[in-house]
Amino acid sequence: MKNQDAMKLLKSWLEEEVSEEEAKERERYFETFKEIMDNERPSGYKLYSKE
């Protein structure tokens, strides 16, 4: 019961129709996000790179 709002939000994201251009932009954004996250973590604790 307490997760109903989150479930509604996730459902709306899954049903969302995204243009190809928007999908590419989101992918570029996520790649940048991954680089930033890994640059802030010490070697051996990277989440996305194989370092």
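Residues numbered from 1 in each chain as written. Predicted model: local features only at pLDDT ≥ 70, side-chain atom pairs only at ≥ 80, totals over all residues. Heavy atoms only, no water.

Looking now at the packing of aromatic side chains. Tallying each qualifying case throughout the model produces 3 aromatic pairs. The interplanar angle of 80° and the centroid separation of 6.0 Å between the aromatic rings of Phe-30 and Tyr-48 together place this pair among those described as edge-to-face. Note that Phe-30 is positioned in helix α2 (residues 20-39) and Tyr-48 in the segment after α2, a separation of 18 residues in sequence. Taking relative accessible area as the criterion, Phe-30 reaches 39% and is therefore assigned partly exposed. Note on Tyr-48: relative accessible area 40%, which makes it partly exposed. A connected cluster of aromatic rings, assembled from ring pairs, spans Phe-30, Phe-33 and Tyr-48. (Phe/Tyr/Trp six-rings, centres within 6.5 Å; stacked < 30°, edge-to-face > 60°. Helix = DSSP H or I, 4+ residues; strand = E, 2+ residues; numbered from the N terminus. Buried < 20%, exposed > 50% of the residue type's maximum accessible area, 1.4 Å probe, protein only.)

Turning to the environment of Trp-13, a few remarks are in order. When you line up the elements, Trp-13 lands in helix α1 (residues 4-15). With 21 residues separating them along the chain, Trp-13 and Lys-34 place their C-alpha atoms 21 Å apart.

Just geometry here; none of it tells us what the structure is for.
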